[in-house]
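Observations on the model geometry
Listed below are the residues making up each chain.
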Amino acid sequence: MTTYDDRASLTDLTAVVERVRNSVEGVIEGKPEVVRLSLTVLLAEGHLLIEDVPGVGKTMLAKALARSIDCSVRRIQFTPDLLPSDITGVPIWDQQRRDFEFKPGAIFAQVVIGDEINRASPKTQSALLESMEERQVTIDGKTYELPSPFMVVATQNPVEMEGTYPLPEAQRDRFMARVSVGYPSAEAELQMLDVHGGVSPLEDLQPVAHAHEILKLIEAVREVYVAEPIRRYVVDLVSATRTHPDLRLGASPRATLHLLRAAKASAALGGRDYALPDDVQALAVAVLAHRLLPTAQAQLNRRTAEQVVQEILQRTAVPTERAQAPANTPQQSGLGRGGPGYGQQPPRRL
């Protein structure tokens, strides 16, 4: 049985996060908040959707994150002629054995990079649904488990771009968060010319963390405590999207779970073993906005899903009840410092 003191030893694993963060930021200049969100999704066992115009470093961010971890990596270039079997795999007849042998597709990796995912047809995109949600692939009635940890990092161009298909609602809902890289600042772009002007830094990028370290971090994130008022706050935020007059499709219960998991991972990255409302608020737009569908009238008024989520954040009451930690609660535990939390502190594990 894991004791409270055993959990305290997991504090050393925060160094793993810093190594990965520094490795990725050495490739992606001037975007620390984007790198942090990517690590948050990784530790929360989610999948990341990177959406922006071509040339801002979407694929480079995905590659840098994948290469910084000593995991198996596969890249899929989504094109209009890509077939579902190219992703999941296909049984092939073996002449010697006189039987079908399953040849795994590109999805059988710990980090899967889906480049320009919305250039493939919805039929091909649907091949990812089972693997992203259940972490398995079913072919001809047989189920094949995917490796762990498992993360899909997909890039897409805005739907206004030529040759793109909109992602189906079910596909978007599988992604825990969506992030836009955006254009770099003038200083960051000037530094990029110095760093990337000769050779790509990806060529010299070496893994700085092992898969088993990431699995330990994921286990530690699962132990992050979330008080009852904050869990209710998460539910209130998601429920508000389902009744908002500017939205014809609100967030799903899966979105509620994703927001909670992302908040726990954010708390861990902040050196805490308990979540705060700030963790929820910081991630609400990234986790919820891409799942929402504005009404036709809202689109005419140029109201975006991001603006609606910001409005919901302003209108929803934030938990304010605070209590000091019990006298027998250690001042340092789990991934970081102990201290006052919302509602009540996590009970001491024996």
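For the structure given in this document, a descriptive report is provided here. (Residues numbered from 1 in each chain as written. Predicted model: local features only at pLDDT ≥ 70, side-chain atom pairs only at ≥ 80, totals over all residues. Heavy atoms only, no water.)

**Let's talk about the sheet that holds strand β6 (residues 111-115)**
The five strands lie next to each other as β3-β6-β9-β1-β10, forming an open sheet whose pairing is parallel. Strands with a single pairing partner mark the edges of an open sheet, and in this sheet they are β3 (73-77) and β10 (177-179). Along the sheet, successive strands turn relative to each other by an average axial angle of 15°, direction set aside. Lying on the sheet, helix α3 (residues 32-43) is in contact with β1 (48-51), β9 (151-156) and β10; it crosses β10 at an angle near 160°. Sitting on the sheet, helix α4 (residues 58-67) touches β1, β3, β6 and β9, and the angle it makes with β9 is about 165°. (Pairing = 2+ DSSP bridges. Helix = DSSP H or I, 4+ residues; strand = E, 2+ residues; numbered from the N terminus. Axes fitted to C-alpha atoms, helices over the stretch in contact; angles between N-to-C directions. Contact = heavy atoms within 4.5 Å.)

**Some remarks on the pairing of strand β7 (residues 136-139)**
As paired strands, β7 and strand β8 (residues 142-145) are joined by four bridges and run antiparallel to one another. Within β8, the position partnered with V137 by the bridge is Y144. Hairpin connection from β7 to β8: two residues lie between these consecutive antiparallel strands, with D140 at a positive phi of about 50°.

**Quick word on the environment of H212**
Along the polypeptide, H212 turns up in helix α10 (residues 211-222). Overall, the relative accessible area of 46% leaves H212 in the partly exposed class. Along the chain, H212 and D70 lie 142 residues apart, while their C-alpha atoms are 9.2 Å from each other. (Buried < 20%, exposed > 50% of the residue type's maximum accessible area, 1.4 Å probe, protein only.)

**Concerning the environment of W93**
Looking at the element boundaries, W93 is found in strand β4 (residues 89-94). W93 has contacts with R98, D99 and F100, leaving out every residue within four places of it along the chain.

**Quick notes on the side chain of T256**
One can find T256 in helix α12 (residues 253-269). Note on T256: relative accessible area 17%, which makes it buried.

**Let's talk about α10**
Residues that lie three or four places apart on an α-helix share one face, since the helix turns once every 3.6 residues. Helix length check: α10 (twelve residues) gives 17 Å between terminal C-alpha atoms against 16 Å at 1.5 Å per residue, within 8%. Every buried residue of α10 is accounted for by A211, E213, I214, L217, I218, A220 and V221. (Expected span 1.5 Å × (residues − 1).)

**Description of α3**
Counted at 1.5 Å a residue, the expected span for α3 with its twelve residues is 16 Å, and the 17 Å between its end C-alpha atoms agrees. Counting buried residues along α3, nine of its twelve residues qualify, which places the element largely inside the surrounding structure. The complete set of buried residues in α3 reads V34, V35, L37, S38, L39, T40, V41, L42 and L43.

**Thoughts on the packing of aromatic side chains**
Counted under the stated rule, the structure contains three aromatic pairs. Between W93 and F100, the ring centres sit 5.1 Å apart and the planes meet at 75°, which makes this aromatic pair edge-to-face. Looking at W93, the relative accessible area reads 38%, which means it is partly exposed. Under the relative-accessibility criterion, F100 is labelled exposed at 52%. Pairing F102 with Y144 gives two aromatic rings, centres 4.2 Å apart and planes at 15°, and the pair type is stacked. On the criterion of sequence distance, the pair formed by F102 in strand β5 (residues 99-104) and Y144 in strand β8 is long-range, its members being 42 residues apart. Note on Y144: relative accessible area 23%, which makes it partly exposed. When the ring centre of Y274 is taken as origin, the NZ or CZ atom of R272, which lies over that ring, is 5.9 Å away. (Phe/Tyr/Trp six-rings, centres within 6.5 Å; stacked < 30°, edge-to-face > 60°. Lys NZ or Arg CZ within 6 Å of the ring centre and 35° of its normal.)

Geometry only, nothing functional implied.
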